[in-house]
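# Descriptive analysis of the structure
What follows is the residue order along each chain.
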Amino acid sequence: MSSHRSIAVIFSDIREDYNDAFLTGIQSQANACGYRTFTFSMPQTSELYTNNEEWVYSLIDYDRYDGVIFVEHTFSNHKSLIPPIEKSLRENCSCPVVVIGSSNVLPNVIGMENRKNFEKVVEHLTDVHGCRTLYCLGGEKGIADERIDGFVNVLKSRGIPCDEDNLLYGGYWISGAETVAKDIACGTLEKPDAIVCLNDEIAYALIKQLFFAGLRVPEDILVTGFDDSSYASNSAVSITTFTADTHFCGQRAVSLLHSLITGRPQQLPKQKKHSVITGDSCGCGRKSLLNVRAKLDALNSNERCEMEFRNSLFEEKLYKVSSQKELSLFIKNHKYLIRDHISLSVNLMEQYDRFAKCIFLKDYLINGETAVFRADSIYPDMFSYGAIQNIYILPLVFDKRVYGFMTIGYAGPELYTRHAKVFANRLAIGAEILNVRQQLPPAEETRSVPAQTDVVPTVSEVKTPSATILVMHNSSMTKVHLENVLYFESYEKKVFAAMKNGKYEIKQRLFELEEQLTHKNFFRISRSVLVNMNKTVGYKVEPDRSILAVMSDREELRVSRTNKEEFKQRLERT
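Here goes a summary of the coordinates provided. (Residues numbered from 1 in each chain as written. Predicted model: local features only at pLDDT ≥ 70, side-chain atom pairs only at ≥ 80, totals over all residues. Heavy atoms only, no water.)

### Things to note about the sheet that holds strand β22 (residues 522–524)
In plain terms, the rule: Paired strands, as defined in this entry, are two strands with at least two bridges between them according to DSSP. For helices the rule is a DSSP run of H or I covering at least 4 residues; for strands it is a run of E covering at least 2, with both sets numbered from the N terminus onward. Note on definitions: angles span 0 to 180 degrees between N-to-C directions of axes, and those axes are lines fitted to C-alpha atoms, for helices only across the stretch in contact.
If you trace the 5 strands from one edge of the open sheet to the other, you get β21-β20-β19-β23-β22, paired in antiparallel fashion. At either end of the open sheet lies a strand with only one pairing partner, and these are β21 (502–506) and β22. For this sheet, the mean angle separating the axes of adjacent strands, direction not counted, is 25°.

### A short note on the pattern of salt bridges
The condition is simple: Salt bridges, as used here, are contacts in which a Lys or Arg side-chain nitrogen is within 4 Å of a carboxyl oxygen on Asp or Glu. Relative accessibility thresholds used throughout: buried, under 20% of the residue-type maximum; exposed, over 50%; partly exposed, between the two (1.4 Å probe, protein chains only).
Taken as a whole and assessed by the stated rule, the structure comprises 22 salt bridges. A salt bridge links Glu91 to Arg90, with the shortest nitrogen-to-oxygen separation between them at 3.9 Å. The class of Arg90 is partly exposed, set by a relative accessible area of 46%. A salt bridge links Arg147 to Asp145; the shortest N-O distance between them is 3.0 Å. Here Asp145 falls in the buried class, since its relative accessible area comes to 9%. The network of salt bridges with common partners includes Glu123, Asp127 and Arg158.

### Section: the sheet that holds strand β14 (residues 371–374)
Note the following rule: For this analysis, residues touch if any pair of their heavy atoms sits within 4.5 Å.
The sheet built from 10 strands is open, its strands ordered β5-β4-β3-β1-β2-β15-β16-β12-β13-β14 with mixed pairing. Edge positions in the open sheet fall to β5 (109–110) and β14, since each of these has one partner strand only. One ladder, built from 3 bridges, connects strand β3 (residues 67–70) with strand β4 (residues 97–100); its direction is parallel. Opposite Ile69, over in β4, you have Val98 as the bridge partner. Contacts between helix α1 (residues 21–32) and the sheet are confined to β1 (6–10), β2 (36–40), β3, β4 and β15 (390–398), with β2 contributing the most and set at about 155° to the helix.

### As for the packing of α1 against helix α7 (residues 246–262)
Applicable threshold: To sort the angles, those under 35 degrees are grouped as roughly parallel, those over 145 as roughly antiparallel, those from 65 to 115 as roughly perpendicular, and the leftovers as oblique. If you view the pair so one helix is near and one far, a crossing is left-handed when the near helix is turned anticlockwise from the far one by less than a right angle, and right-handed when it is turned clockwise. Each residue gets one of three labels, nonpolar for Ala, Val, Leu, Ile, Met, Phe, Trp, Tyr, Cys and Pro, charged for Asp, Glu, Lys and Arg, and polar for the others, Gly among them.
With their axes 7 Å apart at the nearest point, α1 and α7 run at an angle of 40° to one another. In this view, α1 runs oblique relative to α7, as classed from their interaxial angle. As α1 packs across α7, the resulting crossing turns out to be right-handed. Contacts from Ala21, Phe22, Thr24, Gly25, Ile26, Ser28, Gln29 and Ala30 in α1 reach Thr246, His247, Cys249, Gly250, Gln251, Val254 and Ser255 in α7. Among the residues making up the contact of α1 with α7, the classes are represented as 6 nonpolar, 9 polar and no charged.

### Quick word on helix α2 (residues 82–92)
The condition is simple: By arc we mean the arc of the directions from the helix axis to the C-beta atoms, nothing more.
Every buried residue of α2 is accounted for by Ile82, Ile85, Glu86 and Leu89. Burial along α2 is one-sided: seen end-on, the buried residues are contained in an arc of 100°. Buried-residue contacts for α2 involve β1, β3 and β4.

Laid out in structure tokens, this is it:
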């Protein structure tokens, strides 16, 4: 590793919302103070579960860093991960630690000014719009939240009655908004003058549900949000909100950490002034000028990235890879899909392994070469950081199985994109497909029946299928057992696995499956269908003397004339 000073950042996931600005603030201030950042995050495919992506945090070797920043605030959807991270930091980390959010275990905690900023939103409703009946929507009862405290403080200072009935707890998700809208529409909850939501996502969901219930915003009820996320600037009803100064909070965290590391007085960066951003949801409308050029440039950039990813045929090519060398060459040819990076490496390993095998490192390992190194070193020893200032470490995880990690390096403050997340996720799936493909016997082994006999193996001679195959389900890859497959079918240049509960696309071609699965009692009955003979219960003869294979679910499949005799023989012996 370089002797350059470095900071480890423990972050949840880049979600293209206000939380991401924590990282740009951390990176800009860290680079200004002479630190490189190593951000460990889990690019999740779901917001509700982690699928073992949190394994990436076990790669952090605290002894290799001058300090650590734990962005606890970003783990609101995965609070169960906070205690083990805090425990690991308390027991294993000897360098200074700064927490952004809250912690009862670790010192040096930096919080956002949520109470003061939330008070400004509530004051806008009480002082400008004269609201006297207000509800605060969001949060969990018994869990302290500065925003709720700010709401209560404003109402009490204005002499407005406020008790538990004004606090509508519903978590930090949209389900609470849906319940409140129904209760107001049904009359079980008194219609207020305004509802103040803890974030823009809840406010957006509430406005939508109120509309479905026949209540108009702002004509019938005023609604505000908080955080100034993308939900606030939706095209239907712009939401009155407040900018969350997460960028400044990230800068403050680095300033405090730098002071703890060096022992020098803390020097705070200059904070920008913020005010309430009005919108249609309170009747004021948007008054701030839009930077149309910047928005059009961002939109054009996103469209170009989408087109490049779509035209690259990324998944189709990846899922045909048959060796580790081919996988390395594939990464080399598609690294352009990760925008603006100056370094990229892909490192394979098993979970809890101490060592990783680097199969690709931009400008170093490019033609199927490999290098083995300590996994917590992040890079092989040959690597020179050069201009790289900020590095992300992303896990390669599929179906809770760890395949390694990918690193992306940038020259300045930068966030990895959604396409980088997809890149990492699909690489893990590709590694799983490669692993399954290497476990299946090669095509030569499937023709190992002695030449002097034409006897078809009986069921007792054929092992029950125990292997698995990957199928597409809900835009992700899922393992299924071969024994559950009724048949494979080729249709419109795609191959599908048919099971009792439906058909699912797979990424292998039919002739490849035929070669690999003959020994598992699969037989091609026509040009486009490969059936599981163990799931075939009989056949029917048609008036034109053709036959139909009858599957265990009573589905009937046509057998080609050239294959019907062999099909009958196999069926008799199965």
